[in-house]
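# Close look at the chain arrangement
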Amino acid sequence: MDSTYNIVLSTSESTVVTEYVPEKKRSEAYQSEAALEDAFIKLLSEQGYEYLQIHDTDALVDNLCKQLERLNKYTFTDKEWDFFYKTKISNPNESIVDKSRKIQEDFVQNLTRDDGSTMNITLIDKKNIHENSLQVINQ
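Residues numbered from 1 in each chain as written. Predicted model: local features only at pLDDT ≥ 70, side-chain atom pairs only at ≥ 80, totals over all residues. Heavy atoms only, no water.

For the rest of this paragraph, the subject is the overall build of the protein. On a plain count of helices and strands, the protein comes out with four helices and six strands. The order of helices and strands in the protein, counted from the N terminus, is β-β-α-β-α-α-α-β-β-β. Taken over the C-alpha trace, the protein has a radius of gyration of 25 Å; the compact-globule value for 139 residues is 14 Å, which it surpasses by more than 25%. Expressed as lengths along the three principal axes of its C-alpha atoms, the size of the protein is roughly 80 × 45 × 30 Å. Put simply, of all contacts in the protein between residues at least 6 apart along the chain, 42% involve residues at least 24 apart. (Helix = DSSP H or I, 4+ residues; strand = E, 2+ residues; numbered from the N terminus. Rg over C-alpha atoms; globule rule 2.2 N^0.38 Å. Contact = heavy atoms within 4.5 Å.)

Printed below as a string of structure tokens:
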């Protein structure tokens, strides 16, 4: 059996070592992807994430709208949300890198309201992080 000696403590007078013998074992159990996913969701839920059953794009977009409304204490009109979503969040002219940068660096976006006025919409609250929601969904 292979073993390795690791130095725990070394001084000018003595050296303390420990022997490490690796355990040769192989798992006989198989965890399915579904079981792994369920365990991960359970772990995240125990850490404060809210589990949502969202199974299509429309429900995902609706949830995003609700979360941004809650965070900004503002209710979008259908027209405002449609324009904001298509131009600020899901803009087809932006790459995934651009969208990631927006969330990290440019997380306050302007909304042109129906009455022509402009207001700031925060995508993520970096000053008061507890104002953000933690959610998990699965496939």
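That covers the picture; the talk isn't over yet.
Right, let's get into helix 3 (residues 78-89). An ideal rise of 1.5 Å per residue puts 16 Å on 12 residues; helix 3 measures up with 15 Å between its terminal C-alpha atoms. Listed in full, the buried residues belonging to helix 3 are Glu80, Trp81, Phe84 and Ile89. Buried positions in helix 3, seen along its axis, are confined to an arc of 90° and lie on one side of it. Turned more than 90 degrees off the buried face of helix 3, the exposed positions are Asp78 and Lys79. Where helix 3 is buried, its residues contact helix 2 (57-72), helix 4 (96-105), strand 4 (108-112) and strand 5 (118-122). (Expected span 1.5 Å × (residues − 1). Buried < 20%, exposed > 50% of the residue type's maximum accessible area, 1.4 Å probe, protein only. Arc of directions from axis to C-beta.)

Every second residue of strand 4 is oriented toward a common face, the buried set being Gln109 and Leu111 and the non-buried set Val108, Asn110 and Thr112. In this structure, strand 4 lies alongside strand 5, joined through five bridges in antiparallel fashion. Residue pairing in the sheet places Gln109 in a bridge with Ile121 of strand 5. (Pairing = 2+ DSSP bridges.)

For Val17, the position within the fold is in strand 2 (residues 15-20). Each C-alpha atom of the pair Val17 and Tyr5 lies 6.2 Å from the other, and the pair is 12 residues apart in sequence. Apart from the residues lying within four places of it in its own chain, the contact partners of Val17 are Tyr5, Asn6, Ile7 and Val8.

We now examine the packing of aromatic side chains. The final tally for this structure, using the stated rule, is five aromatic pairs. Every member of this aromatic cluster is reached through a ring pair, and the members are Tyr74, Phe76, Trp81, Phe84 and Tyr85. (Phe/Tyr/Trp six-rings, centres within 6.5 Å; stacked < 30°, edge-to-face > 60°.)

The alternating pattern of strand 5 places Met119 and Ile121 on a buried face and Thr118, Asn120 and Thr122 on a face that is not buried. Once strand 4 ends, the chain turns through five residues before running back antiparallel as strand 5, passing Gly116 with a positive phi of about 95°.

Glancing now at unusual backbone geometry. Negative phi is the rule for most residues except glycine; trans is the rule for most peptide bonds. One non-glycine residue, Lys73, adopts positive backbone phi at about 50°. Along the chain, Lys73 turns up in the loop between helix 2 and helix 3. Among the residues examined, Lys73 registers a relative accessible area of 68% and is labelled exposed.

Mapped onto the fold, Asp38 is located in helix 1 (residues 33-46). Among the residues examined, Asp38 registers a relative accessible area of 48% and is labelled partly exposed. Along the sequence, Asp38 and Asp82 sit 44 residues apart, while their C-alpha atoms lie 34 Å from each other.

Bear in mind that shape data such as this cannot, by itself, settle questions of function.
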